[in-house]
Amino acid sequence: MAKSSNHSNNSSTSDEYIIVLKNKDKMLNDSNTIELNVILSLAYQKQIFKILVPVSVIRENSNELFDINEMINNIFSKNDKIISSEYILSYYLNDENANVTPSYCASGYNLLLEQYGAPDICIATNTPVMSAACSKVREYNKYNMIIFSWVHNEIKRYEQSGQGGVSDMLCADYHLVLNNSMEKEIRKAKENAVIFNIGNPIIHTLPDIKQSPASNKLAFIGRLSEEKRIDLILEGLCKAKSVWNLDIVGDGPLVDEVRKWISILKLENRVRLLGWQANPLESITDASFLVSASDYEGFMITGAEALAMGKPVLGTPTQGLTEYVTNSENGYFFDFNDADSLSKLLDDISAGKVPIPDSEKCIRSVERYKKEYYFKNIKKIFLDACKYHL
């Protein structure tokens, strides 16, 4: 196993590291939380107690900030002796004025590994170009480290924004993907690529639901940003002949715009802005459906969590939703960028023309994303890779 040259004489414990490669501008959102959970779980499984987590994954005062100490406590039992957990400021791999090329990103990562030693496993995330960057560092230094690619959105979105594509991801040894569409795209470029379709786990605690859902009640959970298309949801609500109410759980850059849209459409008595919630699921217990109108999703965690509560999903057919929603079985799809399609669906549901999916079917449809199954699976993937390569 790769050793940390700078720490090997300072402790009698293992000096191996699991390192997460991060972009400077990424907040600790749901996907980042999952990555850190996996890293810490794997570290414990291999008895690697020194864990390097770049501080760049955390932004102070962020609504999406997750308490790392709480995460550690959730993974390590009170009876386990944690020798040390390190959180060290990593070299930022990009800035606003830099061209994010593999060579540029690799230089920052190389400096980090020169200081702390090569890891056993390098998880290249959040963009495809990071796989190429890690590969360059490995090749230059002749490191014996395993590289996993792990991106969290539609691959074409990264390519369109100059953050790399499938060709960069193929620099990795293995690939963790969130949906079948990602797998097909990688497989098209390299038929024998080793790919694991892992989705994302249900991370929030599911609340007890003691009352029946309210009639014609929608809930939205997510960041209030342009790609989430809150405007389309509000327009669909306004155009529907049936009367529906909506709770919006979340915050983001468009919160003031959303307030204006609600006012313009005269929906003040039917729409509530609940803001960010530590556990948003507790705010949707009386909803009859979760709704999403996103332009794109890599994997929609909130949709899986709503289904785990027995609540069907209404949404646009993004990659991240078609992965587990089957039309009429546990939800319904409406067309992209089409408020009329949503309003018609709402009217058909209200009139009983389309049935409300059975709650038990909804729950069963996402059982594979339960944390206990998810982490057991992904730890096996990582440990098997170590046994094969190291």
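Please read these numbers as outputs of a predicted model, since none were measured by experiment.

1. Examining the overall build of the chain
- For the chain, the helix and strand inventory stands at 14 helices and eleven strands.
- Within the chain, the proportion of its 390 residues that are buried is 55%.
- Taking all contacts inside the chain whose residues are at least 6 apart in sequence as the whole, residues at least 24 apart take part in 74%.
- For the chain, the accessible area works out to roughly 17,900 Å², and carbon and sulfur atoms hold 45% of it.

2. A closer look at the sheet that holds strand E7 (residues 245–249)
- With parallel pairing, six strands are arranged side by side in an open sheet as E8-E7-E6-E9-E10-E11. Of all strands in the sheet, those with a lone pairing partner are strand E8 (271–275) and strand E11 (331–333), marking the two edges. Adjacent strand axes in the sheet meet at a mean angle of 20°, parallel and antiparallel pairs treated alike.
- Where E7 lies against E8, four bridges are found, and the strand directions are parallel.

3. Focus: the packing of aromatic side chains
- Scanning the model with the defined rule gives six aromatic pairs in all.
- A ring pair is formed by Phe 148 and Tyr 174, whose centres lie 5.0 Å apart and whose planes are at 25°; its orientation type is stacked. With Phe 148 in strand E3 (residues 146–150) and Tyr 174 in strand E4 (residues 174–177), this pair connects stretches of sequence that are 26 residues apart. The same class applies to Phe 148 and to Tyr 174, which are both buried.
- The interplanar angle of 70° and the centroid separation of 5.0 Å between the aromatic rings of Phe 299 and Tyr 369 together place this pair among those described as edge-to-face. Within this pair, whereas Phe 299 is found in the loop between strand E9 (289–292) and helix H10 (301–308), its partner Tyr 369 is found in the loop between helix H13 (359–365) and helix H14 (371–389), the two being separated by 70 residues in sequence. As far as the burial class goes, Phe 299 and Tyr 369 line up, both buried.

4. Some details on the pairing of E7
- Among the five residues in E7, four count as buried, and that is most of the element.
- The pairing of strand E6 (residues 217–221) with E7 spans five bridges and is parallel. Each residue of the ladder has a partner; that of Leu 218, found in E7, is Leu 246.
- Once the chain exits E6 it traverses helix H8 (residues 230–239) before rejoining the sheet at E7, and the crossover so formed is right-handed.
- This β-α-β element, E7 to helix H9 (residues 255–264) to E8, shows right-handed connectivity.

5. Focus on the pattern of salt bridges
- Evaluation of the coordinates by the stated rule reveals 16 salt bridges.
- Residue Asp 173 is joined to Arg 138 by a salt bridge in which the shortest nitrogen-to-oxygen separation is 2.7 Å. In this pair, Asp 173 is assigned in the loop between helix H6 (166–169) and E4 and Arg 138 in helix H4 (residues 129–141), connecting sequence segments 35 residues apart.
- In this structure, Lys 239 engages Asp 340 in a salt bridge whose closest nitrogen and oxygen atoms are separated by 3.1 Å. With Lys 239 in helix H8 and Asp 340 in helix H12 (residues 339–350), the pair connects residues that are 101 residues apart, well separated along the chain.
- Since its relative accessible area comes to 40%, Lys 239 is described here as partly exposed.
- Three or more residues are tied together by salt bridges with common partners; here these are Lys 217, Asp 247, Arg 272 and Asp 286.

Thresholds, definitions, all that
- Residues numbered from 1 in each chain as written.
- Predicted model: local features only at pLDDT ≥ 70, side-chain atom pairs only at ≥ 80, totals over all residues.
- Heavy atoms only, no water.
- Helix = DSSP H or I, 4+ residues; strand = E, 2+ residues; numbered from the N terminus.
- Buried < 20%, exposed > 50% of the residue type's maximum accessible area, 1.4 Å probe, protein only.
- Contact = heavy atoms within 4.5 Å.
- Areas by Shrake-Rupley, 256 points an atom, 1.4 Å probe, with all protein chains shown as cover.
- Pairing = 2+ DSSP bridges.
- Axes fitted to C-alpha atoms, helices over the stretch in contact; angles between N-to-C directions.
- Phe/Tyr/Trp six-rings, centres within 6.5 Å; stacked < 30°, edge-to-face > 60°.
- Right-handed = clockwise from strand over helix to strand, strands pointing away.
- Salt bridge = Lys/Arg side-chain N within 4 Å of Asp/Glu carboxyl O.

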